[in-house]
Amino acid sequence: MDISQIETLRRLPVAPARHVIDGALHDASDGQVMQVVSPINGQSLTTLPRGTDADAQAAITSARCAFDDGRWSERSPAERKKVLLKWADLIEAQALELAVLGVRENGTEIAMALKAEPLSAVATIRYYAEAIDKLYGEIAPTAPGTLGLVHREPAGVVGAIVPWNFPLMIGAWKLGPALAAGCSVVLKPAETASLTLLRIAELALDAGLPPGVLNVVTGEGGTVGAAIAESMDVDVLVFTGSGATGRRLLEASARSNLKRVYLELGGKSPNVVFADAPNLDEAVKVTANGIFRNSGQVCIAGTRLLVERSIHDVFVEKLKTFSEAMTVGDPLDPATTAGAVNSQRQLQQNLEFVAEARAAGRKIVTGGTQILQDTGGYYMAPTIVTGVQPTDRLAQHEVFGPVLAVQPFDSEDEAVTLANGTDYGLAAAVWTSNLSRAHRMVRRIRAGIVHVNTYGGSDLTVPLGGVGQSGNGHDKSLHAFDKYLDLKTAWFKL
Ligand code: ADP
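Calculation notes
- Residues numbered from 1 in each chain as written.
- Predicted model: local features only at pLDDT ≥ 70, side-chain atom pairs only at ≥ 80, totals over all residues.
- Heavy atoms only, no water.
- Helix = DSSP H or I, 4+ residues; strand = E, 2+ residues; numbered from the N terminus.
- Buried < 20%, exposed > 50% of the residue type's maximum accessible area, 1.4 Å probe, protein only.
- Expected span 1.5 Å × (residues − 1).
- Contact = heavy atoms within 4.5 Å.
- Pairing = 2+ DSSP bridges.
- Axes fitted to C-alpha atoms, helices over the stretch in contact; angles between N-to-C directions.
- Polar contact = N/O pair within 3.5 Å; in protein donor to acceptor, adjacent residues only side chain to side chain.
- UniProt positions renumbered as here; feature names shortened; annotations may be inferred.

Trainee: So what's going on with unusual backbone geometry? Which residues, and what values?
Mentor: The phi torsion at Leu258 lies on the positive side, around 60 degrees, for a residue other than glycine. With respect to the secondary-structure elements, Leu258 resides in the loop between helix H9 (243-255) and strand E11 (260-264). Phi is positive for Asn294, close to 50 degrees, though the residue is something other than glycine. Mapped onto the fold, Asn294 is located in the loop between helix H10 (280-292) and strand E13 (304-308). Taking relative accessible area as the criterion, Asn294 reaches 1% and is therefore assigned buried.

Trainee: How would you sum up the environment of Pro13? Please name residues and give values.
Mentor: The residue Pro13 is located in the loop between helix H1 (6-9) and strand E1 (19-21) in this model. Note on Pro13: relative accessible area 77%, which makes it exposed. Residues Pro13 and Ala155, 142 residues apart in the sequence, show an inter-C-alpha distance of 40 Å.

Trainee: How would you explain helix H3 (residues 77-93) if you had to name every residue and give the values?
Mentor: Between its first and last C-alpha, H3 extends 24 Å over 17 residues, near the 24 Å set by a 1.5 Å rise per residue. All of the buried residues in H3 are Arg80, Lys81, Val83, Leu84, Trp87, Ala88 and Ile91. Summarising the contacts, the buried residues of H3 are in contact with helix H4 (95-106), helix H5 (110-132), helix H6 (167-181), helix H7 (195-206) and strand E9 (214-216).

Trainee: I'd like to hear about the sheet that holds strand E14 (residues 363-366), residue by residue, with values.
Mentor: Taken in spatial order, the seven strands of this open sheet run E14-E17-E18-E13-E12-E19-E20, and their pairing is mixed. Each edge of the open sheet is held by one strand with a lone partner, namely E14 and strand E20 (449-452). The sheet shows a mean angle of 25 degrees between the axes of neighbouring strands, taken without regard to direction. Judged from the three bridges that link them, E14 and strand E17 (residues 383-386) form a sheet pairing that is antiparallel. Bridge pairing links Ile364 to Val385 in E17.

Trainee: Outline helix H8 (residues 221-230), supporting the account with residue identities and numerical values.
Mentor: By the burial criterion, the buried members of H8 are Val224, Gly225, Ala227, Ile228 and Ala229. Taken together, the buried residues of H8 touch helix H2 (53-68), strand E7 (157-161), strand E8 (184-188), strand E10 (236-240) and H9.

Trainee: Any details on the sheet that holds strand E21 (residues 485-493)? Residues and values, ideally.
Mentor: One open sheet holds the three strands; their spatial order is E5-E6-E21, and the pairing between them is antiparallel. Bordering the open sheet on either side are strand E5 (138-139) and E21, each of which pairs with just one other strand. Summarising the sheet, strand E6 (residues 146-154) and E21 pair through nine bridges and their orientation is antiparallel. Bridge pairing links His151 to Lys488 in E21.

Trainee: Go over the pairing of E17 with me, naming the residues and quoting the values.
Mentor: In E17, alternate side chains face the same way, and those of Thr383 and Val385 on one face and Ile384 and Thr386 on the other are all buried. Both E17 and strand E18 (residues 403-409) contribute to a ladder of three bridges, which runs parallel. In the strand pairing of E18, Thr383 is matched with Val403.

Trainee: Residue-level account of the side chain of Asn165, with values.
Mentor: Looking at the element boundaries, Asn165 is found in the loop between E7 and H6. We classify Asn165 as buried; its relative accessible area is 3%. At 3.2 Å, the side chain of Asn165 and the backbone oxygen of Gln297 are in polar contact. Apart from the residues within four sequence positions on either side, Asn165 is in contact with Asn106, Thr108, Ile170, Asn294, Gln297, Val298, Cys299 and Phe400.

Trainee: Summarise the UniProt feature "active site" (unreviewed entry) in the chain; cite the residues concerned and give the values.
Mentor: Taking the numbering used here, the UniProt-annotated feature "active site" (unreviewed entry) corresponds to Glu264. Tracing the chain through its elements places Glu264 in strand E11. Assessed through its relative accessible area of 4%, Glu264 is described here as buried. Excluding residues that lie within four positions of it along the chain, Glu264 makes contacts with Phe239, Thr240, Gly241, Cys299, Leu426, Leu464 and Ser470.

Rendered as structure tokens:
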């Protein structure tokens, strides 16, 4: 990949985007558009269709027909695999273009976006394509004279509503297993991260995915997303985003057809550092990257640092030094370690959390401010807040920005109490040289993933999902198929 192309790609005009519905490109039914504002400089990049209810219904009808007539759902797994592998190849061939386009739209630093966006989507699609013709049904251990077969069948039409932080990665976590399983999909990208998902949907058609199997409708959550959630023709709803929207989706399911709803709702993940951490400098570096990369806009970000009191001051001092040396700024510079905040609205929310902490007497050790205003973009300095109390909003609510809340602890029991002291349960980390303690903490912390002596970096082979108000269901790994494949029993008297 020739990253010297980034400078050329960043200047390319971006044509007004269009929905992908039933294998063709469409404007909104009433012609309305919404501006795509680049967080790099606050300038308009292009427009998106402001999808209408009619657009969403057209996409759902298309997906329903595609599923029911078997043009994809009844193809053999080996045939589906072939198309999906071709799709992955086409995405890979455009990885740099897709990464730059995505960064211009959502502000993630390119070094991270390249790996976490197109290339991660490619790996994900390949993983599920390769897996689908290796999954077998079951023969039950029944009594003589009977036979019980357990089939796995595609679940139907999937509605996928995804967020703006990693549209391709999270999109592929849903699309890969759903399409491999034989489902049809209506995908609703976030308002501020739609362009790359529209592009890859076009590439899917080029790869031979039949029309109607993957539809992408852009627009507002309250219109397009709500239409998908309320539909009687959507069988499964998969979502990554906020808890508030997740609640609405469950209500919509209850009001409509009781579609299954799988939610990934973020967290307030504790990063627990004991004084016997094997290497404090490594813990400092990984802790800072675990909260400040992508300006904290990572659902599993380690947003709460719980640090043993005996090393609290030294750890915070090292963390401050490391964080202040991070390169925040132009996300299209490969040397940047934290790019732009996705939108002005998000930046404002981040700053409000800091203002509230300051007003409550908490100490802002570093950051807390907007920076690089002269660019017109939305940038925020890595922010460390100490003296945070367990009941503070900063300790309880997801900021989704580069703001780290620090709390000291005195014992393992207190660390567990603090770690589990929120409604969330997505991710966590424990830093210790004590093997027994590491295992105890893994068991005692309520979270979908507990890292030991690291943060992030787990690969596709392991599931990602939360407990508590972080949601339900899992992306990644073979377990993701459970959402898109229904079990059916065939019972025979022989
Ligand atoms: P955030 O606050 O991080 O943007 P949201 O939950 O609002 O998180 O957004 C995640 C996704 O949910 C986006 O694609 C958004 O458009 C969509 N969304 C927002 N509100 C609704 C809604 N009422 N119904 C369905 N989808 C929605």
